Each structure stands twice: as C-alpha cells, then as structure tokens.
Amino acid sequence: MILIDLQKAFDTIDHKILLQKMNYLHFSDSVIKWFKSYLENRTFSVQVEDSFSGFGDLNCGVPQGSILGPLLFLLYVNDMSQSVSCDLLLYADDSCLVFEGKDIDEIENRLNTDFNSLCDWFVDNKLSIHFGEDKTKSIVFGTNRKIKNLRELDIRRGDIKIKQHPQVVYLGCTLDRTLSGDAMATKALGKINGRLKFLYRKQGFLTPYLKRLLCNALIQPHFDFACLAWYTNLKKILKKKVQITQNKCIRFCLNMENRDHIGVDEFRKINWLPTKKRFEQCLLVNIYKFFNKMAPVYYDEMYYPAVRGQITRFSFQKLILPSRHTNRGLRTLGYLGPRLWNGVHSDLKLSSNTNTFKHKIKDAFFARLQKEEDSPYIYY
C-alpha cells in the first residue's frame, strides 16, 4: 500500500481544468458559468506581524473553510481512479494505492506502474506530491511469518525512492504491518489516561453530572474511534489494559476508590457497556445499517444474507457464516459479524430505526451480563 500526500491540494486546483471537468460531467452551461463567477476575481494578501502586502490575483485553488470547497475538489479528482488499475482509496485529499498479492515482485511491479501513472495524472492536472519520507510512504501488510523475511519494496518516481514504514497513519488510524491494532490501542490509552489525569486534578470543581458529561465528551470517543479496525486483533493483555482504563473512568465518575469493585451495577449507573460489549454493539449496529441500506457499498463484500432478494422477517434472521480455519480468520469482521448477528433475537433486528436498535442491544447485553456477573472481562 502507498499513502500519497499532496502539496497544498485545495490551493492548487486549476480553475480552467475544473470547469472543463464539470462540462464533461454534464453540468449545465448556467451552472458552469455560476461556478466560474464564484471562482474568478479573488485576491489575497499576506500579513507579517502588523504589516500587510498588496493584493494579488488568486488564479487557482478553491476557498477553504467553505461548503463548496471540498465538493469542488472531489469533482476535480473524480477521474483519478481511471489512471490506475490497483484499488485507489480516496477521502478528500488523502489518497491511497492498494494492491493485494502473494508475490512480492508482482506487488512491487504493479505498485510502481500505477504510482508512476498516478504521478503523471497529477502533473497533467497541475497537482504535486509531497515526496518527503514522512509524507508519501509505503507499507506491506501480512502475517508475522510472511512479513519477517520480506525484502523492502523498491518503489520509485525517477530517482526518488518511496520509503517503506513499519506503521502508517491513515485517516487518523495507526496501522502496523500485521494489522494487530496494538499501536492504535496504545495511542488511544495514552490519550485517555492523559485526559483522565487532567480531570482528576480538576475534580474539586466538578459535580458527578459534570464528571460523567466530560468523560462522555473527552474520553469515550477514544474508546469508540475506529474500534472495529483495531480492537478485534488485540492481544489479551492489551484488551485487559483497555478494560482497566475504562474501569478507572467509571471509578472517577462514581467517586469510587482506586480498588473498589466494578460490576454490572456500576456499568448500569454510568450507562456504559464493557469495552468488549461496546465493540460488539458497534459491529451489530453496522450490520443493522447494512440490512437497512444505510451502510457503505463495500459491506456487500463482507456480509451475505441467508435469503437474497426482498427483505423479509426471515431474511433478517441470518447471515451466512463463512468458513474460517485460523485464529486470525476467526477474528475478522466478516466472521465475527455474522456470528454475533445470528445470535440476536429477531424482534431486535426488526427495530424501527438505528437508535432504537442500539438501545435495545445495550439492554440485552446488560441483561446477559447480569446473568454472567463473574465474567472475566468485567472485573480488573
């Protein structure tokens, strides 16, 4: 995989090329004229301390901070994927080339070919890549056994070699070579513990209501962010650390001592699920969205209803459980999702909306936890 960093992407869009692309996309003449008027006759000035330069003409770029800016950029790069044969992931100005294969030479050749083709596209469209070693970079994903003896990829643009990294950050997620999730979990734990220490220092000014409010606003999002990408492959010791950290937050919110026991009643009081059950809730909510046509289209490659065609009461009952023969396979979302979904009661699956389903799943988990009060992931 190659992560591509563009230099000043929003500021270097060529207005003439953008309007031509809008014409190819069959925008009407009046709409194109409106956008031309919107983009033209803009000026800029530079401030150094209290001094301002004269005004200069702004002949490229889209207004940043505007609603139309990102939309116009997406129109501009809409045809980028036509320049490559590999999978191209696009999110605003974050681009990523992905190729899957078993032979390292084939992977290197395909990525080299498509990366250089993509560079040519950038030149034609007056965009430029940041070739700094911490900007545009490559990474190879695989199991520990396969990664251990692999040579480094030699991907070049002319004399410039793209550096290979053991881990990269993409859309806020830290991805390591084995997709273990360890780096992401460690980063999240660092942020959570830092914020919790800050709240402890200020607890004299906080009521129980404010404690919980601040924990929900400043801490809970770090447990949830991209948890489907990193939680499932964590080692047991890291999963335990994540749960221990959540328990610390509960003790803070409920004014408990450091070694006080955390059980189902404490989770109910703060209305949080244990981290494992929170992960399962997020996964089930995504599958609910998949059945109700609210999920991204790539979910169609992960989940397969037992009954195809029109959605019926029975078709909500089951997903096809894929065959997996390795521990890693058993931890994939494509396997865990169907296994969990098939165990959910049909009345919950037929909830009227996502929010109702989410709350019903939480209530069902609490009821189950009450019966399994000696469950090992609750008490640390």
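The rules we used
- Residues numbered from 1 in each chain as written.
- Predicted model: local features only at pLDDT ≥ 70, side-chain atom pairs only at ≥ 80, totals over all residues.
- Heavy atoms only, no water.
- Helix = DSSP H or I, 4+ residues; strand = E, 2+ residues; numbered from the N terminus.
- Buried < 20%, exposed > 50% of the residue type's maximum accessible area, 1.4 Å probe, protein only.
- Contact = heavy atoms within 4.5 Å.
- Areas by Shrake-Rupley, 256 points an atom, 1.4 Å probe, with all protein chains shown as cover.
- Salt bridge = Lys/Arg side-chain N within 4 Å of Asp/Glu carboxyl O.
- Pairing = 2+ DSSP bridges.
- Axes fitted to C-alpha atoms, helices over the stretch in contact; angles between N-to-C directions.
- Patch = residues over 30% accessible without salt bridge, like charges linked within 9 Å, V, L, I, M, F, W, Y side chains within 5 Å.
- Lys, Arg positive; Asp, Glu negative; His and termini not counted.
- Charge placed at Lys NZ, Arg CZ, Asp CG, Glu CD.
- Expected span 1.5 Å × (residues − 1).
- Parallel < 35°, antiparallel > 145°, perpendicular 65-115°, else oblique.
- Nonpolar A, V, L, I, M, F, W, Y, C, P; charged D, E, K, R; others polar.
- Phe/Tyr/Trp six-rings, centres within 6.5 Å; stacked < 30°, edge-to-face > 60°.

Colleague: Describe in detail the overall build of the protein, supporting the description with residues and values.
Modeller: Each helix and strand counted, the protein has 16 helices and 12 strands in total. Reported as C-alpha extents along the three principal axes, the dimensions of the protein are approximately 65 × 55 × 50 Å. Here the protein holds 380 residues, and 42% of them are scored as buried. Sequence-distant contacts, at least 24 apart, represent 66% of the contacts inside the protein between residues at least 6 apart. Just so you have it, the protein exposes about 21,900 Å², and 52% of that area is on carbon and sulfur atoms.

Colleague: Which residues make up the pattern of salt bridges, and what values go with them?
Modeller: Per the stated rule, a full pass over the model turns up 10 salt bridges. Overlapping salt bridges, with partners in common, bring together D105, E108 and R151 in one network.

Colleague: I'd like a description of the sheet that holds strand β1 (residues 2-5), backed by residues and values.
Modeller: Sheets are built from strands that pair by backbone hydrogen bonding, the pairs being arranged parallel or antiparallel. As summarised here, the arrangement of the 4 strands in space is β6-β7-β1-β8, forming an open sheet in which the pairing is antiparallel. Looking at the sheet topology across the chains shown, the edges are occupied by β6 (87-91) and β8 (137-138). Note that β6 and strand β7 (residues 94-98) share 5 bridges and pair antiparallel. Of the residues in β7, the one forming a bridge with D87 is V98. Across the face of the sheet, helix α4 (residues 104-124) comes into contact with β1, β6 and β7 while running at roughly 15 degrees to β1.

Colleague: If you had to explain the environment of N258 to someone new, which residues and values would you point to?
Modeller: Along the chain, N258 turns up in the loop between α10 (236-253) and α11 (264-270). You can call N258 exposed: its relative accessible area is 63%. Considering only alpha carbons, one finds N258 and N144, 114 residues apart in sequence, at a separation of 38 Å.

Colleague: Describe a positive patch on the surface, listing the residues and the values that go with them.
Modeller: Side chains of K197, R201, K202 and K248 sit close together on the surface and give a patch of like positive charge. Take K248: it is sitting in helix α10.

Colleague: So what about helix α12 (residues 275-291)? Which residues, and what values?
Modeller: The terminal C-alpha atoms of α12 lie 25 Å apart, and with 17 residues this matches the ideal 24 Å at 1.5 Å per residue to within 8%. Counting buried positions over the 17 residues of α12 gives 14, a clear majority of the element. In the segment just after α12, K293 is the residue with positive phi, at about 60 degrees.

Colleague: Which residues make up a negative patch on the surface, and what are the values?
Modeller: Taken together, the side chains of D87, E100, D300 and E301 define an acidic patch exposed on the protein surface. Turning to its location among the elements, E100 is positioned in the loop between β7 and α4. Take E100: its relative accessible area is 76%, and that puts it in the exposed class.

Colleague: I'd like to hear about the pairing of β7, residue by residue, with values.
Modeller: By the bridge criterion, 4 bridges tie β1 to β7 in an arrangement that is antiparallel. Bridge pairing in β7 places D5 opposite D94. In textbook terms, the turn of a hairpin is the stretch between consecutive antiparallel strands, and for β6 and β7 this stretch comprises 2 residues, one of which, A92, has a positive phi near 55 degrees.

Colleague: How would you sum up the pairing of strand β11 (residues 167-170)? Please name residues and give values.
Modeller: Side-chain alternation along β11 places V168 and Y170 on a buried face and Q167 and V169 on a face that remains uncovered. Of the pairings in the sheet, the one linking β11 to strand β12 (residues 173-176) comprises 4 bridges and is antiparallel in character. Its bridge partner lying in β12, V169 is registered against T174. Counted between consecutive antiparallel strands, the loop separating β11 from β12 contains 2 residues, among which L171 sits at a positive phi close to 55 degrees.

Colleague: Hey, could you go over the packing of helix α1 (residues 15-24) against helix α3 (residues 68-76) for me, with residue numbers and the actual values?
Modeller: One way to put it is that α1 packs onto α3 with a least axis distance of 9 Å and a crossing angle of 75 degrees. As summarised for this structure, α1 and α3 are arranged roughly perpendicular, according to the angle between their axes. On α3, the residues touching I17, L18, K21 and M22 of α1 are L72, L75 and Y76. The class makeup of the residues in the contact of α1 with α3 is 6 nonpolar, no polar and 1 charged.

Colleague: Report on the packing of aromatic side chains, specifying residues and quantitative values.
Modeller: As enumerated under the stated definition, the model contains 15 aromatic pairs in all. Ring plane angle 65 degrees and centroid distance 6.2 Å describe the contact between W230 and Y231, whose orientation is recorded as edge-to-face. A ring pair is formed by F290 and F291, whose centres lie 5.4 Å apart and whose planes are at 65 degrees; its orientation type is edge-to-face. Overall, F290 belongs to the buried group, its relative accessible area being 10%. Judged by relative accessible area, F291 falls into the buried class, the value being 4%. An aromatic cluster is defined as three or more aromatic residues linked by ring pairs; in this entry it consists of Y288, F290, F291, Y298, Y299, Y303, W341 and F357.

Colleague: So, the environment of C227: which residues are in play, and what are the values?
Modeller: With respect to the helices and strands, C227 occurs in helix α9 (residues 227-230). On the basis of relative accessible area, C227 is assigned to the buried category, the value being 4%. Setting aside its immediate chain neighbours within four residues, C227 contacts T232, F279 and C282.

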